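What follows is the residue order along each chain.
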Amino acid sequence: MARPLFLAGRFVTTRGAAVRSPFSGEPVADVSQAGPAEVEEALARASAAREPFAASTAGQRRSWLTAIARGISERTEEIARSIALEAGKPIMPARVEVRRAVETFTQAAAEVTAHRGEVVPIDLDDASRGYECVVRKVPSGVAVAISPFNFPLNLGAHKVAPALAVGAPIVWKPPPQAPSAALFVAEIAAQAGLPGGALSVLPCDNALAETLATDPRVRVVSFTGSAKVGWHLREKAARAKVVLELGGNAAAIVFDDADLDWAAQRIALSAFNYAGQVCISVQRIFVAEKVREAFTAKLLERTRALPMGDPLDEKTVIGPVIDDKAALRITSWIDDAKQRGAKELVGGARNGRMLPATILSGVPSDATIAREEVFGPVALLDGFSDDAEAYARVNDSPWGLQAAIFTHDLRRVRRASEVIEVGGLIVNDSPSFRSDAYPYGGVKGSGLGREGVRYAMEDFTEPRAIVTARG
């Protein structure tokens, strides 16, 4: 299917690029690509729209966002199918992603009326007696969103919806592997009557994406993707506020008082659903030695039962990884760990982009697969002797996005929340859990800033102090 790009309110057909299914290799879409002229026009139109869009009423923005949420909901199956075809995401979690995007825009519509400034008392001495300060939250200006393939709809929605909610024009660069979901949003936004310069959706190559993000007219860059690219953009976009969500190698601790059946079920699904291509998929599992044997048996049983195959099959849990390069990298990391003494508890041979769920034990702590984000269907399992060791093992990582603990001991919950260095700690569920309402983001190498609609709205605004003198 031919898909034009969306340039400040109008659809434009340019040179196309084929998007292929990672499962079948067949072309599923032909998507128009932005060139330098389209990037320049999008930025110019967004800059021109800055003042009028900021002047739009709260009621108008709420209406536009509500209409976008409704439009996405009405096209759930169509959008989910495009995500399954382009990103290789199994159809069931693809539908969940669409429902979450509906919720993201719905929350943004609600937050329009809750996002407000404040009155600050400044009459603190005789010199300021009678003075009053009102702080308004004003849109920062033109924003750029860059989103990844694994959640091509909802991770973009977490950038676009808050920007529109505060009145900030935004240019969205969707992932080249799965751009159609963003273009569906563009169609829906146009039908909702969103002003022309408020949104552009520009599929383009990485060089142009850097040009877009580092343009001096851009005031906010919200990026989700690889750490290498993210930190590079932060250095280059010196005049913009930069929000980075860069992934991690999430850990789960299973204590000796945990519900082992529940922990095994949630950890298996977290590690291997969508072939592990989620920033907060379980990658490292630490189990109390007292229950290690029992838990391992339950985890292996759950893992072996996960269906693998065509993303469009309703039963599929493990689909393909996104491309051959990813498949080869993951396989090489597994082989490296095994050569260094790791034992494969479950796994098997790669078949093209289809990698079986793999659990390794005894992986050296300095192995690449233990230090970096594998972004594939691989988990590492090891034991620990006491709580302090477990916390130290989790923190022995350059990443800090989310982690999980399974326990019924409130003292452990409190201690873990104090010492585990992550942006989010999940208790009695996997680190893959995410609500679109709470502040989501990481520490250390996992990024800067937070998503979650209300929290992201702060990133797209600036406080403006209006001081009224006495008299």
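See the structure printed just above.
None of these values were measured; they are calculated from a predicted model.

> Teacher, can you tell me more about the environment of Asn150 here?
The topology assignment puts Asn150 in the loop between β8 (142–146) and α5 (154–166). When the C-alpha atoms of Asn150 and Ala94 are compared, they prove to be 9.9 Å apart, with 56 residues separating the residues in sequence. Once you skip the residues sitting within four places of it in the chain, Asn150 turns out to touch Lys89, Glu97, Leu155, Tyr274, Gln277, Val278, Cys279 and Phe375.

> Looking at this structure, I do not really get the pattern of salt bridges. What am I missing?
For side chains of opposite charge, pairing can occur when their charged atoms come near one another. For the structure shown, the criterion picks out 33 salt bridges. The partner of Glu187 in a salt bridge is Arg75, with the nearest N and O atoms 3.0 Å apart. Here Glu187 is found in helix α6 (residues 180–191), whereas its partner Arg75 is found in the loop between α2 (58–74) and α3 (76–87), with 112 residues between them in sequence. Judged by its relative accessible area of 23%, Glu187 is partly exposed. Residue class for Arg75 comes out buried when judged on its relative accessible area of 18%. Across the pair Glu210 and Lys236 runs a salt bridge, and its minimum N-O distance is 3.8 Å. Residue Glu210 is found in helix α7 (residues 206–213), and its partner Lys236 is found in helix α8 (residues 227–236); the two are separated by 26 residues along the sequence. Under the relative-accessibility criterion, Glu210 is labelled partly exposed at 25%. Judged by relative accessible area, Lys236 falls into the partly exposed class, the value being 45%. Through salt bridges with shared partners, a single network forms among Glu289, Arg292, Asp382, Glu389 and Arg393.

Quick notes on the rules
- For every chain, the first residue of the written sequence is number 1, and numbering continues from 1 onward in sequence order.
- Local features in this predicted model are restricted to residues of pLDDT 70 or higher, and side-chain atom pairs are both shown and tallied only at a pLDDT of 80 or more, whereas totals for entire chains, interfaces and linings draw on every residue.
- Computation of side-chain values: all heavy atoms of the structure, hydrogens and water removed.
- Secondary structure elements follow DSSP: runs of H or I no shorter than four residues count as helices, runs of E no shorter than two count as strands, and numbering proceeds from the N terminus.
- Contacts are assigned to residue pairs with any non-hydrogen atoms lying within 4.5 Å of each other.
- Salt bridges are defined as contacts in which a side-chain nitrogen from Lys or Arg sits within 4 Å of a carboxyl oxygen from Asp or Glu.
- We call a residue buried when its accessible area falls under 20% of the maximum for its residue type, exposed when it is over 50%, and partly exposed in between, using a 1.4 Å probe and counting protein chains only.

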